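# Results of the structural survey
The chain contents come next:
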Amino acid sequence: MNGVHDMGGMQNMGPVIIEDREPVFHAAWEKRVFAARLACAWHRRWNIDINRHAIERMPPADYVAATYYEKVLFGLETLLVEEGLVTAQELASGRAEAKAAVKDVLGVDGIETLLCNRIRARRGDNVAPRFGTGDAVVARNIHPAGHTRLPRYARGRRGVIARDFGVYVFPDSSAMTRDPKPQHLYSVRFAARELWGPGAAVGDSVCVNLWDDHLDPA
Amino acid sequence: MSDHHHDHHHDDAEREHERPLSGPALRVKALESLLTEKGLIDPKTLDAIVETFETRVGPRNGARVVARAWTDPAYRQRLLTDSRAAIAEFGFYGYGEDMVVVENTPKVRNLIVCTLCSCYPWSVLGLPPVWYKSAPYRSRAVIDPRGVLKELGETVPDDVEVRIWDSTAELRYMVLPERPPETAGWSEEKLAEIVTRDAMIGVARVTVPGSRR
């Protein structure tokens with residue numbers, strides 16, 4: 001989706017300001033919504049890609065204005081209703097009409113398991129790579145209306161396969177149809193000048209993780 | 001608070017709530033109580049998750065990895081070739097990420113960003129700082145990395161390559177910064193103390209406090 005979340009290369013966003021001695025959270029509600037999202041993920045009604053896409057669907061003006069944890073809250077409320085864990089009526093009233101049909105709830109002893117979930121994106125499937133290290137590739141000029149991990153700034157640009165990381169879940173399909181469509185994930189190295197033109201420094205580069213379905217031979 | 005029983009207590013949250021609540025704070029409070037009533041979450045687990053991210057996961061983990069790589073050449077090699085396995089040697093709590101560690105050298109400066117959201121190596125650096133998740137950093141790191149670094153006090157010479165890593169996958173990056181030359185002979189523990197979060201993201205160098213380098 002060509003949304004405002006796809007920020008790479010946008011200008012006029014202002015300076016990067018690093019807060020000195022920044023706390024992990026800035027308010028109590030940030031802690032609660034962060035933890036609630038993890039605890040709700042335990043029910044496996046959505047995956048991480050669906051979760052990202054929910055946040056991307058925030059209205060663009062809201063997305064730009066929102067803090068990170070406001071986006072987390074928006075994404076969680078959206079998914080709870082869409083995936084049927086909470087009704088829109090319950091969310092509006094704040095009162096439960098019935099218990100949710102879930103088999104259990106995340107306990108303290110399940111936290112570590114939950115935090116290890118991310119490694120599940122790496123798969124053992126025997127899928128042949130379409131490219132080898134050193135191959136010249138071009139990122140597809142595609143504009144899917146749904147979720148994609150191919151940033152706009154790389155589309156149509158030529159790069160080189162720097163590394164093959166093996167077979168991973170393909171987020172673009174995983175978010176939209178839950179099809180993991182396992183395929184090779186690469187680090188594709190683009191010269192900064194290929195992406196940004198003559199204003200970029202000659203030797204600089206941007207390495208982007210892209211999947212087989214994002215690439216064609218150059 | 002002790003004259004009646006709650007099913008659950010969140011002492012710091014309740015103290016916070018003595019002040020008027022802002023919009024998201026009210027919404028989150030309502031949501032947490034709804035989710036609890038629905039049987040979807042246990043507030044005690046939420047307390048434990050928060051405690052985990054405030055105390056057990058964070059950049060001190062990454063600093064230990066860096067310090068070992070600086071003092072043990074065989075470890076450094078393992079870290080650069082199979083980052084996940086080398087980091088797993090530390091047995092960090094909740095370590096479940098595929099990782100790639102990229103090494104700064106006199107000729108290459110690495111910088112990590114996630115332009116599409118805010119992917120970050122939780123298990124070695126904890127939760128990302130606000131600036132990392134902000135529009136200015138996400139938008140500018142790929143198109144104007146030298147400008148961002150300069151603003152943050154780091155002028156990169158023309159003959160040094162700036163290499164950006166845009167984290168778009170469930171595979172996260174960490175920078176292995178350059179070891180300051182004046183730390184020769186330092187122990188791993190002492191080295192770990194000077195390794196900062198920002199150096200492991202790539203926006204800063206590791207410096208020795210008090211040194212004028």
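Predicted model, so just to flag it, every value in this text is computed and none were measured. (Residues numbered from 1 in each chain as written. Chains lettered and ligands numbered in written order. Predicted model: local features only at pLDDT ≥ 70, side-chain atom pairs only at ≥ 80, totals over all residues. Heavy atoms only, no water.)

## Re the overall build of chain B
Definition in use: Elements are defined by DSSP. Helices are runs of H or I of four residues or more, strands are runs of E of two residues or more, and each kind is numbered from the N terminus. Only protein chains enter the accessibility calculation, which uses a 1.4 Å probe; a residue whose area is less than 20% of its type maximum is buried, one above 50% is exposed, and one in between is partly exposed. Throughout, a residue-residue contact means that at least one pair of heavy atoms, one from each residue, lies within 4.5 Å.
Within chain B one finds 12 helices and four strands. Counting all 213 residues of chain B, 58% fall into the buried class. The long-range share in chain B, meaning contacts at least 24 apart out of those at least 6 apart in sequence, stands at 65%.

## Section: the overall build of chain A
Applicable threshold: Every accessible area reported is derived by Shrake-Rupley at a probe size of 1.4 Å, with residue values counting cover from the shown protein chains alone. Residues scored as charged are limited to Lys and Arg (positive) and Asp and Glu (negative), so that His and the chain ends carry no count. To locate a charge, take atom NZ for lysine, CZ for arginine, CG for aspartate or CD for glutamate.
Helix and strand content of chain A: eight helices and five strands. Element order for chain A, N to C, with α for helix and β for strand: α-α-α-α-α-α-β-β-α-β-α-β-β. The proportion of buried residues among the 218 residues of chain A is 49%. Contacts in chain A between residues at least 24 apart in sequence constitute 66% of all its contacts with a sequence separation of at least 6. As presented, chain A carries roughly 9,800 Å² of accessible surface, and 52% of it is formed by carbon and sulfur atoms. With 28 positive and 27 negative side-chain charges, chain A shows a spacing of 2 Å between the two charge centroids.

## Describing unusual backbone geometry
Residue and element names in this part refer to chain A. The residue asparagine 12 is not glycine, and still its phi comes out positive at about 70 degrees. Turning to its location among the elements, asparagine 12 is positioned in the segment before α1 (28–41). Relative accessible area serves as the criterion here: at 78%, asparagine 12 is assigned to the exposed category. Even without a glycine there, the phi angle at lysine 181 is positive, about 35 degrees. Examined against the element boundaries, lysine 181 turns out to sit in the loop between α7 (171–177) and β3 (183–191). Under the relative-accessibility criterion, lysine 181 is labelled partly exposed at 37%.

## With respect to the side chain of B:Asp98
Summarising the element assignment, B:Asp98 is placed in strand β1 (residues 98–103). On the basis of relative accessibility, which here comes to 6%, the residue B:Asp98 falls in the buried class. Excluding anything up to four places from it in sequence, B:Asp98 contacts A:Ile119, A:Arg122, A:Tyr168, B:Arg84, B:Glu170, B:Leu171 and B:Arg172.

## Focus: the sheet that holds strand β2 (residues 108–113) of chain B
Operational definition: Strands pair, by our definition, only if DSSP identifies at least two bridges between them. For every element, the axis is a line fit to its C-alpha atoms; helices are fit only across the contacting stretch, and the angle between N-to-C directions ranges from 0 to 180 degrees.
Strand order in this open sheet of seven strands is β5(A)-β1(A)-β2(A)-β3(A)-β4(A)-β3(B)-β2(B), and the pairing throughout is mixed. Unpaired on one side and paired on the other, β5 (215–217) of chain A together with β2 of chain B mark the two borders of the sheet. Between one strand axis and the next, the sheet turns through 35 degrees on average, direction left out of account. Here β2(B) pairs with strand β3 (residues 161–166) of chain B via six bridges, running parallel. Directly across from B:Ile112, in β3(B), lies its bridge partner B:Trp165. The strands touched by helix α9 (residues 135–143) of chain B within the sheet are β4 (205–211) of chain A together with β2 and β3 of chain B, with β2(B) carrying the most contacts at an inclination of about 145 degrees.

## Let's talk about the packing of aromatic side chains
Applicable threshold: Two rings from Phe, Tyr or Trp (for Trp, the six-membered ring) form a pair when their centres sit within 6.5 Å of each other. Planes less than 30 degrees apart are called stacked, planes more than 60 degrees apart edge-to-face, and all others tilted. Criterion for a charge above a ring: Lys NZ or Arg CZ within 6 Å of the ring centre, and within 35 degrees of the ring normal.
For the structure on display, the rule yields 17 aromatic pairs over all chains. When the centroid spacing of 5.8 Å and the interplanar angle of 50 degrees are considered together, the rings of A:Phe25 and A:Tyr69 count as tilted. One end of the pair, A:Phe25, is in the segment before α1; the other, A:Tyr69, is in helix α4 (residues 68–82), with 44 residues separating them in the sequence. Of the two residues examined, A:Phe25 and A:Tyr69, each falls in the buried class. By way of ring pairs, the aromatic residues A:Phe25, A:Phe34, A:Tyr68, A:Tyr69, B:Phe53 and B:Trp122 are connected into one cluster. Cation over ring: A:Lys71 sits above A:Tyr63, and NZ or CZ is 4.4 Å from the ring centre. In this arrangement the basic side chain of B:Lys190 is found over the ring face of B:Trp186, its NZ or CZ atom lying 4.1 Å from the centre.

## Observations regarding the packing of helix α2 (residues 48–56) of chain A against α4(A)
How two helices sit against one another is set out by the angle between their axes and by the gap between those axes. Residue and element names in this part refer to chain A. Threshold: When describing relative orientation, an angle under 35 degrees is termed roughly parallel and one over 145 degrees roughly antiparallel, while 65 to 115 degrees is termed roughly perpendicular and anything else oblique. Take the far helix as your reference; a near helix turned counterclockwise from it by less than a right angle gives a left-handed crossing, and one turned clockwise gives a right-handed crossing.
Their axes nearest at 8 Å, the elements α2 and α4 cross at an angle of 110 degrees. Classed by the angle they form, the pair α2 and α4 counts as roughly perpendicular. Crossing hand, α2 versus α4: right-handed. Across the interface between the two elements, Ile50, Asn51, Ala54 and Ile55 from α2 touch Lys71, Val72, Phe74, Gly75, Thr78 and Leu79 from α4.

## Side note on the packing of helix α4 (residues 59–71) of chain B against helix α5 (residues 73–81) of chain B
Residues and elements named next belong to chain B. The following threshold applies: Classes in brief: Ala, Val, Leu, Ile, Met, Phe, Trp, Tyr, Cys and Pro nonpolar; Asp, Glu, Lys and Arg charged; the others, Gly included, polar.
Where α4 contacts α5, the two axes come as close as 5 Å, and the packing angle between them is 125 degrees. Classed by the angle they form, the pair α4 and α5 counts as oblique. Taken together, the residues of α5 that come into contact with α4 (itself represented by Val65, Arg68, Ala69 and Thr71) are Pro73, Tyr75, Arg76 and Leu79. Across the contact of α4 with α5, the residue classes tally to five nonpolar, one polar and two charged.

## What to know about α2(A)
Of all nine residues in α2(A), eight are buried, a share of seventy percent or more. Where α2(A) is concerned, the buried positions are A:Asp49, A:Ile50, A:Asn51, A:Arg52, A:His53, A:Ala54, A:Ile55 and A:Glu56. In the core, the buried residues of α2(A) are packed alongside α1, α3 (60–65), α4 and α7 of chain A together with β4 (171–176) of chain B.

## Quick word on the interface of chain B and chain A
Stated precisely, the cut-off is as follows: Note: buried area is the sum, over both parts, of the accessible area (probe 1.4 Å) each one loses when the two are combined. We define a salt bridge as a contact between a side-chain nitrogen of Lys or Arg and a carboxyl oxygen of Asp or Glu at a distance within 4 Å. N or O atoms within 3.5 Å of each other form a polar contact, as long as, within protein, one can give a hydrogen and the other can take it, and as long as residues adjacent in sequence are counted only when both atoms are side-chain atoms.
Tallying the contact residues gives 83 residues for chain B and 86 residues for chain A. For the pair chain B and chain A, the two sides together bury roughly 7,400 Å², of which 61% comes from carbon and sulfur. Looking at the side of chain B facing chain A, the largest losses of area belong to B:Lys38, B:Leu116 and B:Glu170, adding up to 10% of the total buried there. Between chain B and chain A we count nine salt bridges in total. Linking B:Asp47 and A:Arg32 is a salt bridge whose minimum nitrogen-to-oxygen distance equals 2.6 Å. Across the chain B-chain A interface, the total number found is 35 residue pairs in polar contact (both at pLDDT 80 or more). Taken together, the residues that form the side of chain B that touches chain A break down as 45 nonpolar, 13 polar and 25 charged. Alignment of β4(A) against β3(B), held across four bridges, turns out to be parallel. Following the sheet pairing, A:Val206 is matched in β3(B) by B:Ile164.

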